[in-house]
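Breakdown of the fold
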Amino acid sequence: MKKALVTGITGQDGFHLTELLLGKGYKVCGLLNGQRNSRVIEFAEKFPQVELIQGDLTDFSSLIRAIDVSSPSELYNLGAISFVGLSFQQPELTADVTGLGPLRLLEAIRTLGAEKDIRFYQASSSEMFGKVQEIPQNEKTRFYPRSPYGVAKVYAHQICVNYRESYDMHVSCGILFNHEGENRGEEFVTRKISKGVVDIAKGRLDKIKLGTLEPKRDWGYAGDYVEAMWLMLQQNDPDDYVIATGKHHSVRDFLALALKIVGLDGDPESYVTIDKNFIRPAEVDLLVGDFSKAKNVLGWEPKTSFEELVQKMVEFD
Ligand code: GDR
């Protein structure tokens, strides 16, 4: 039986990836930072067969123990401070968890002498492209991060490439563009909108507080994207891949469609209050990915359209 260890297992992608791995017959273990995690109960009820191991990406000895106890053949590093907005308020913590976390995992693997036994997946991010240097962005596009989160992800990405090259480890990075769905945290803009429009339609909310409607993102469905993570670790050779839909929409487009689905018409802006607390010190204006390498090598492509994604989220809420 194949064994996988997943960090960040109670996050959005952790739910989807666990479902996928269990469906493929894996034994799944998850690293759990117990005390600060509000989704543990929901996760444990949904996936009672998953073994949860206490540990933290900032605690090297706990990582050694977790890898030793679970002895995985695949390790998926999904753990991070993943909210870009928060990274401006806690930049050092973000550097420690998001940036140095993967370094500690890779060093833990080496300490255990398991370089040849464990395939490693790193959750890299389109936020590394930040102020984009070309459109669309591919694996060769120069990074220009615009937040402490993006900078930490660049470090994590480069250290993974370095360990792959230095120690001949099977380390792959998925440069995932925004991916959303029913499990998305409520601090992210898509879930804030899908939940907000339902609350407005039910008369529970007057207006949604947002930062700006202008940024454009390449939004896909998280359930499609975890398949790409798994595919990367099934290849003979490790590599880096952009995972995206190739299409982009603005926050305003997302809002307008969500309003339409619940039957609210008129100017989308009339349902919004602009709140400067949600405006970031530096913004990423436009992200759109070129996933042709993933399509050619992994045979991966997105299945869910933007319209289906918005529909799915609004219906769920
Ligand atoms: P992002 O996702 O920063 O792209 O990172 P988020 O949904 O937070 O923001 C998307 C865009 O919407 C704008 N925005 C707001 N965002 C939030 N959260 N709240 C608001 O009120 C609001 N108003 C406008 C943002 O400024 C931004 O431009 C996500 C995360 O999942 C990362 O972890 C991941 O690496 C990247 O996607 C790919």
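All right, on to the packing of aromatic side chains then. Geometrically, a pair of aromatic rings is defined through the distance of the ring centres and the angle of the planes. Applying the stated criterion across every chain yields a total of 13 aromatic pairs. An angle of 85° between the planes, with centres 5.8 Å apart, marks the rings of Phe-291 and Trp-300 as edge-to-face. Residue Phe-291 is classed as buried on the basis of its relative accessible area of 15%. Lys-312 extends its terminal NZ or CZ atom over the ring of Tyr-221, reaching a point 4.4 Å from the ring centre.

Angle between the axes and distance between the axes: these two values describe a pair of packed helices. At a minimum axis separation of 9 Å, helix 3 (residues 60–70) and helix 5 (residues 91–111) run at an interaxial angle of 55°. Classified by the angle between their axes, helix 3 and helix 5 sit oblique to one another. Helix-helix and strand crossings are classified by hand; for helix 3 and helix 5 the assignment is right-handed. Contact with helix 3, carried on its side by Phe-60, Leu-63, Ile-64 and Ile-67, involves Gly-101, Arg-104, Leu-105, Glu-107, Ala-108, Ile-109 and Thr-111 of helix 5 and no other residues of that element. Across the contact of helix 3 with helix 5, the residue classes tally to seven nonpolar, two polar and two charged.

Let us now look at the site of the ligand. Ser-82, Ser-125, Tyr-149, Arg-280 and Glu-283 are the nearest of the 25 residues found near the ligand. Between Ser-82 and the ligand, the recorded distance is 2.6 Å, taken from a backbone N or O atom to an oxygen atom. At 2.7 Å from an oxygen atom of the ligand is found a side-chain nitrogen or oxygen belonging to Lys-192. Elements with a contribution of two residues or more to the shell around the ligand: helix 7 (189–201) and strand 8 (208–210). The class makeup of the residues in the shell around the ligand is 11 nonpolar, six polar and eight charged.

Our next topic: the pattern of salt bridges. Summed over all chains, the structure comprises 17 salt bridges. In this structure, Glu-19 engages Lys-46 in a salt bridge whose closest nitrogen and oxygen atoms are separated by 3.9 Å. Of this pair, Glu-19 sits in helix 1 (residues 12–23) while Lys-46 is found in helix 2 (residues 40–46), placing the two residues 27 residues apart along the sequence. Relative accessible area serves as the criterion here: at 43%, Glu-19 is assigned to the partly exposed category. Residue Arg-252 is joined to Glu-214 by a salt bridge in which the shortest nitrogen-to-oxygen separation is 3.1 Å. Taken together, the positions of Arg-252 in helix 9 (residues 251–261) and Glu-214 in the loop between strand 8 and strand 9 (216–217) put the pair 38 residues apart, joining distant regions of the chain. Residue Glu-214 is classed as partly exposed on the basis of its relative accessible area, which comes to 45%.

The strand order 3-2-1-4-5-6-11 describes an open sheet built from seven strands, whose pairing is parallel. Where the open sheet ends on each side, the last strands, each with one partner, are strand 3 (51–54) and strand 11 (240–243). Each adjacent strand pair in this sheet contributes to an overall mean axis angle of 20°, direction not counted. The pairing of strand 1 (residues 3–7) with strand 2 (residues 27–32) spans four bridges and is parallel. Along strand 2, the bridge assignment pairs Lys-3 with Lys-27.

Calculation criteria
Residues numbered from 1 in each chain as written. Predicted model: local features only at pLDDT ≥ 70, side-chain atom pairs only at ≥ 80, totals over all residues. Heavy atoms only, no water. Phe/Tyr/Trp six-rings, centres within 6.5 Å; stacked < 30°, edge-to-face > 60°. Buried < 20%, exposed > 50% of the residue type's maximum accessible area, 1.4 Å probe, protein only. Lys NZ or Arg CZ within 6 Å of the ring centre and 35° of its normal. Axes fitted to C-alpha atoms, helices over the stretch in contact; angles between N-to-C directions. Helix = DSSP H or I, 4+ residues; strand = E, 2+ residues; numbered from the N terminus. Parallel < 35°, antiparallel > 145°, perpendicular 65-115°, else oblique. Left-handed = near helix turned anticlockwise from the far one by under 90°. Contact = heavy atoms within 4.5 Å. Nonpolar A, V, L, I, M, F, W, Y, C, P; charged D, E, K, R; others polar. Near = heavy atom within 4 Å. Polar contact = N/O pair within 3.5 Å; in protein donor to acceptor, adjacent residues only side chain to side chain. Salt bridge = Lys/Arg side-chain N within 4 Å of Asp/Glu carboxyl O. Pairing = 2+ DSSP bridges.

Functional significance is not addressed by these values, which are geometric in nature.
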